[in-house]
Amino acid sequence: MSAPADASPGSPPGLRVCVDLNLCQGYAQCCYAAPRHFRIEGHEALFYDPAPAARDRADIERARVACPVQAIRVEDPGRGA
Amino acid sequence: MMPTSERAVVVGAGLAALRGAEAMREAGFSGSLSIVGAEPYRPYDRPPLSKHVLTGAIRADATTLPSSLGADVDWHLGSPALGLDRAARTLRLADGRRLPYDRLLVATGTRARPWPNPHEGRLTGVFTLRGRDDAAALRAALAAGPRRVLVIGGGFIGCEVANLCRQLGLPVTLVEPGPTPLARVLGTTVGSLIGAIHEGRGVDLRCGGEVEWLEDEGGRLVRGHLTDGTRIDADVAVIALGAVRNTEWLAGSGLSADPGGVDCDEAGYVLDADGRPDPRIAAAGDVARFPHPLYGGRRVALEHWSQAVAQGVHAGRLLAGAVPEAPYGELPTFWSTQGAVVVKSVGLTEGADALAFTQGEPASGRFVALYGRAGRCIAAVAVDSARWLPAHAALVAAGAPFPPRGAAADRPKGIEILAPGFP
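Reference entry: report on the structure contained in this document. (Residues numbered from 1 in each chain as written. Chains lettered and ligands numbered in written order. Predicted model: local features only at pLDDT ≥ 70, side-chain atom pairs only at ≥ 80, totals over all residues.)

### Some remarks on the nonpolar core
Residues and elements named next belong to chain B. Counting residues in hydrophobic clusters, the biggest one holds 148 residues, and the most contacted among them are Leu105, Ala237, Val238, Ala283 and Ala380. Considering each element in turn, this core owes the most residues, eight residues, to helix H7 (residues 305-319). With near-sequence residues (within four places) excluded, alanine 283 lies in contact with Val106, Ala107, Val262, Cys264, Val270, Ala288 and Ala315. (Core = buried A, V, L, I, M, F, W, Y, C linked by C-beta atoms within 7 Å. Buried ≥ 20, exposed ≤ 12 C-beta atoms within 10 Å, placed from the backbone. Helix = DSSP H or I, 4+ residues; strand = E, 2+ residues; numbered from the N terminus. Contact = placed C-beta atoms within 7 Å.)

Next comes the structure, spelled out in structure tokens:
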């Protein structure tokens, strides 16, 4: 069995974020909830940080909940998926 | 579901594999679960690799997918499957190990189609873009400030990379043999509009051109030569010629598989060479070729993110013993972010004989195009108009009459019917 290649020893485990960009319609509620991790480019292209630090979990959770089409999936190793 | 000592193996470690494995667990499968991946990485998301990883906004290793899987999974990463023995129910791995299985999910996906000349394909400065390592390597090359980037192939990846080079301020030439970018998928009517968007961003677009060979000096790319004699000086080339399905490992297994995918039945079980389903094996994602109920049962293998998710979940439930409510037939959808322009689609355009712009203004760069075939709506493409797509998706899913009457169109005086322009 291989060890996960992504583990960075020493730092607290970060979050994993993935947005279903088929569902996303650019309502930008995530950008208000977590402006450092989500932003709209052009008319409706969402850019997001797929690996936020654990300390930002409150912002990320706000964004997840605020999404009108529920397109944001988060795994928080500190709290379970 | 009762506890079981059965062994499940997932072959592949991409999006479809991950969502399939999760679905098995969520459906109550409590036996052993192994996931076999060719790359040394946990499942990661590919779309950012051709976008924000190349701009440097995020690192290639930040793309690991969120997952609900726990510690009760055996990961076999960095060692691809090499063979399948269905009589003995074992999978052979590159590192020599043999994994026994009772239930198997085939989700080995695709790889980038290589440049046809292997020597030229290995030159310093020549890249393909499929995996995490590819993206990290190309990012490094773009960050070094090449004099010009040559993108070969005007499909979605080629268009994304070309536009992104302009975002980085890099001169870029896109060579596409077809009459417009994306002509095979979207037709020339929409393809020419997409081409105009990229030219407006400064992409040097050469449609109807073909790169014949790549010239090097001391093993380093210096220029591409087109068949018409044109030379394009470039120190980076991105080969964007589509994908090849990873089915070689199924040779000798008795399953119906070829470079176009592995065949499945309506339920999702793989078929043997005689067309009989193997109830222990299901397939999902890019590698699965299945009869799509929306398109008259025509067999399709779709390289779509949403398909990897939905079919992965379907196949995972199937292997866990859940009886599917219906044959798998999710409406195909995909998106592509080209620079800051979002192209989204529902349905399959293949065979379209008519097209109508139902929303927005093509010249403005924001519009919805609806595709018809034999008087029915079969697909829709939205450019920077995603909010109009769900209404069009409903027309496509219902096979509504084309042209639509009074639905999803902002043209009350009637819509003009155009040729989609498939080459």
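### Quick word on the sheet that holds strand E2 (residues 32-37) of chain B
Residues and elements named next belong to chain B. In space, the six strands of this open sheet follow the order E3-E2-E1-E7-E21-E20, with mixed pairing throughout. Of all the strands in the sheet, just strand E3 (74-77) and strand E20 (269-271) have a single pairing partner and so form its edges. Each strand axis lies, on average, 30 degrees off the axis of its neighbour in the sheet, ignoring direction. Bridging between E20 and strand E21 (residues 277-283) involves two bridges; their strand directions are antiparallel. Among the inter-strand pairings, leucine 271 is bridged to a residue of E21, identified as proline 277. (Pairing = 2+ DSSP bridges. Axes fitted to C-alpha atoms, helices over the stretch in contact; angles between N-to-C directions.)

### Focus: helix H5 (residues 156-167) of chain B
Since there are 3.6 residues in each turn of an α-helix, residues three or four apart along the chain are aligned in direction. All names here are of chain B. Here H5 is twelve residues long and its end C-alpha atoms lie 17 Å apart, about the 16 Å a rise of 1.5 Å per residue gives. Most of H5 sits out of view: ten of its twelve residues are buried. Taken together, the buried positions of H5 are Phe156, Ile157, Gly158, Cys159, Glu160, Val161, Ala162, Asn163, Leu164 and Cys165. Phi turns positive, to about 80 degrees, at glycine 169, one or two residues after H5. (Expected span 1.5 Å × (residues − 1).)

### Examining the interface of chain B and chain A
Across the contact, 34 residues belong to chain B and 25 residues belong to chain A. The set of elements that each furnish at least two residues to the side of chain B that touches chain A consists of E3, H7, strand E24 (333-338) and strand E25 (341-347) of chain B. Ranked by residues supplied to the side of chain B that touches chain A, first place goes to E3 of chain B with four residues. Considering only residue class, the side of chain B that touches chain A consists of 17 nonpolar, ten polar and seven charged. (Nonpolar A, V, L, I, M, F, W, Y, C, P; charged D, E, K, R; others polar.)

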